[in-house]
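# Residue-level structural notes
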Amino acid sequence: MEVLLTMMEILAALVLIFVLGLVSVIFLEAYRRRHNNAHVEAPAIFEDPKSLKQVPCPNIFDPAEKYLSLIIPAFNEEHRLPGALDETMNYLQQRAANDKSFSYEVLIIDDGSRDGTKRVAFDFVKKYGVNNVRVILLGKNHGKGEAIRKGMLHSRGELLLMLDADGATKVTDLEKLENQIHAVARKGHGDSAADKATFRISDIPIVAFGSRAHLEEKALATRKWYRNFLMKGFHLVVLLAAGPGIRDTQCGFKMFTRSAARKLFTNIRLKRWCFDVELVFLCKWFGIPMLEISVNWSEIPGSKVNPLSIPNMLWELALMSVGYRTRIWKINS
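Note that this is a predicted model, so its numbers are computed, not measured. (Residues numbered from 1 in each chain as written. Predicted model: local features only at pLDDT ≥ 70, side-chain atom pairs only at ≥ 80, totals over all residues. Heavy atoms only, no water.)

## Brief notes about the pairing of strand β6 (residues 157-162)
In plain terms, the rule: Type-normalised accessible area, obtained with a 1.4 Å probe on protein chains alone, sets the label of each residue: buried when under 20%, exposed when over 50%, and partly exposed for intermediate values. In this description a helix means any DSSP run of H or I spanning at least four residues, a strand means any run of E spanning at least two, and both kinds are numbered starting from the N terminus. By definition, two strands form a pair when at least two bridges between them are found by DSSP.
Extensive coverage of β6 is indicated by the burial of 6 of its 6 residues. For strand β3 (residues 66-74) and β6, the ladder comprises 5 bridges, and the chain directions are parallel. Note that in β6 the partner of Ile 71 across the bridge is Met 162. With 4 bridges connecting them, β6 and strand β8 (residues 254-257) associate as antiparallel partners. By the bridge assignment, Leu 159 is partnered in β8 with Thr 257.

## Quick word on the packing of helix α9 (residues 258-265) against helix α10 (residues 275-286)
The relative placement of two packed helices is expressed as an angle between their axes plus a distance between the axes. Threshold: Interaxial angles span 0 to 180 degrees and are taken between N-to-C directions of axes, which are lines fitted to C-alpha atoms, for helices over the stretch in contact. Oblique is the label for every angle not falling under 35 degrees (roughly parallel), over 145 degrees (roughly antiparallel), or within 65 to 115 degrees (roughly perpendicular). Here, two residues are considered to be in contact whenever any of their heavy atoms come within 4.5 Å of each other. Charged means Asp, Glu, Lys or Arg here, nonpolar means Ala, Val, Leu, Ile, Met, Phe, Trp, Tyr, Cys or Pro, and polar covers whatever is left, Gly included.
Where α9 meets α10, the closest approach of the two axes is 10 Å, and the angle between their N-to-C directions is 110 degrees. The orientation of α9 with respect to α10, classified from their angle, is roughly perpendicular. Between α9 and α10, the contacting residues are Lys 263, Leu 264 and Phe 265 on the first element and Leu 279, Leu 282, Cys 283 and Phe 286 on the second. Classifying every residue of the contact of α9 with α10 by side-chain character gives 6 nonpolar, no polar and 1 charged.

## With respect to empty space enclosed by the protein
To keep things clear, this is the line we draw: The definitions used throughout rest on a 1 Å grid laid over the protein atoms alone, on which a cavity is an enclosed set of points accommodating a 1.4 Å probe that cannot get out and a pocket is an open set flanked by protein within 12 Å on both sides along at least five of seven lines; lining residues are those having an atom within 4 Å of a point. Grid points are joined across faces, edges and corners, and a volume is the space filled by probe spheres set on the points.
Applying the stated criterion across every chain yields a total of 3 cavities of 30 Å³ or more. In this structure, the second largest cavity spans a volume of roughly 60 Å³. For the second largest cavity, the full set of lining residues is Ile 72, Ala 84, Glu 87, Thr 88, Leu 163, Asp 164, Ala 165, Gly 167, Thr 169 and Val 171. Take the lining of the second largest cavity: its biggest share by element is 3 residues, from helix α2 (residues 81-98). Split into classes, the residues belonging to the lining of the second largest cavity amount to 5 nonpolar, 3 polar and 2 charged.

## Digging into the pattern of salt bridges
Quick note on the threshold: For this document, the term salt bridge refers to a Lys or Arg side-chain nitrogen within 4 Å of an Asp or Glu carboxyl oxygen.
Taken as a whole and assessed by the stated rule, the structure comprises 12 salt bridges. Across the salt bridge formed by Arg 95 and Glu 178, the nearest N and O atoms sit 2.7 Å from each other. Linking Arg 95 in helix α2 with Glu 178 in helix α5 (residues 174-187), this pair joins segments that are 83 residues apart in sequence. Residue Glu 178 is classed as buried on the basis of its relative accessible area of 6%. Its salt-bridge partner being Glu 146, residue Arg 149 comes within 3.9 Å of it at the nearest N-O pair. Of this pair, Arg 149 and Glu 146 both sit in helix α4 (residues 144-153), 3 residues apart, which is roughly one turn of that helix. Like Arg 149, the residue Glu 146 is buried in the burial classification. One network of salt bridges, in which partners are shared, links Glu 77, Arg 80 and Asp 166.

Written out as structure tokens, the structure is:
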């Protein structure tokens, strides 16, 4: 009996040491990342592949020059990117032809791809011109969050849409997000002639989250078991880390007004899968209205999510919770 008690005491001591060690590591890593919102500072230039001239890179703090910016992160997307870009460009060109006031740009962020993603992206720049399609090269892989952040900070739109390179969500669904943002923005704006004259959607912080929550029941029946396990567990952890408000934080289809993007993407620290959750946390911190809007979505083969993503996601969420709740991570207003 005494031997059993001794073994239990040793086991309890080992568990306690492990827990204390893990907590210490989390705190130390959160402290190390306290200035991580600076992220990657690659040269702020675009290159025109036709003339090989360098084009000045805009900044999120500059006034908007386009109505809509589409930011597409791409890591080893040589095969899926062309179809998604063809569909996107066809939609944008048709809309611009029907509405002369509509202007757009597409930013492709190559997150250190090792395949032909860079070549594919520059083919579209050559076809449509550097004023409409631009490529940012991060050099090495930093993560989806970093790629999107870089695109957001160097975009020119009044409205900024992030969307995945696989085309899982139909680009036409951006109008759902766009219309809801305009509706909410105008509710808080007067109806007088003076108010209408000064109204600029880019100045009103609002975020619209594309959502697949309405597809969850069907998805559970068709999606691979490990992705269901990942999603259910992740939803629980997200609820604990960021609180309620958005049912589907991970849909890669989100729209920001320029004002909202400026506040959020100068503050995010997470570079990979969980930056979406950090966006929800920061929206609540700043009091930015969040809209969740159902979008059409289909699963495209080639997903980068796998069972090994689970510990990485949990690690990032733990860092976020500790960093913000201890005020180690300062938020710039």
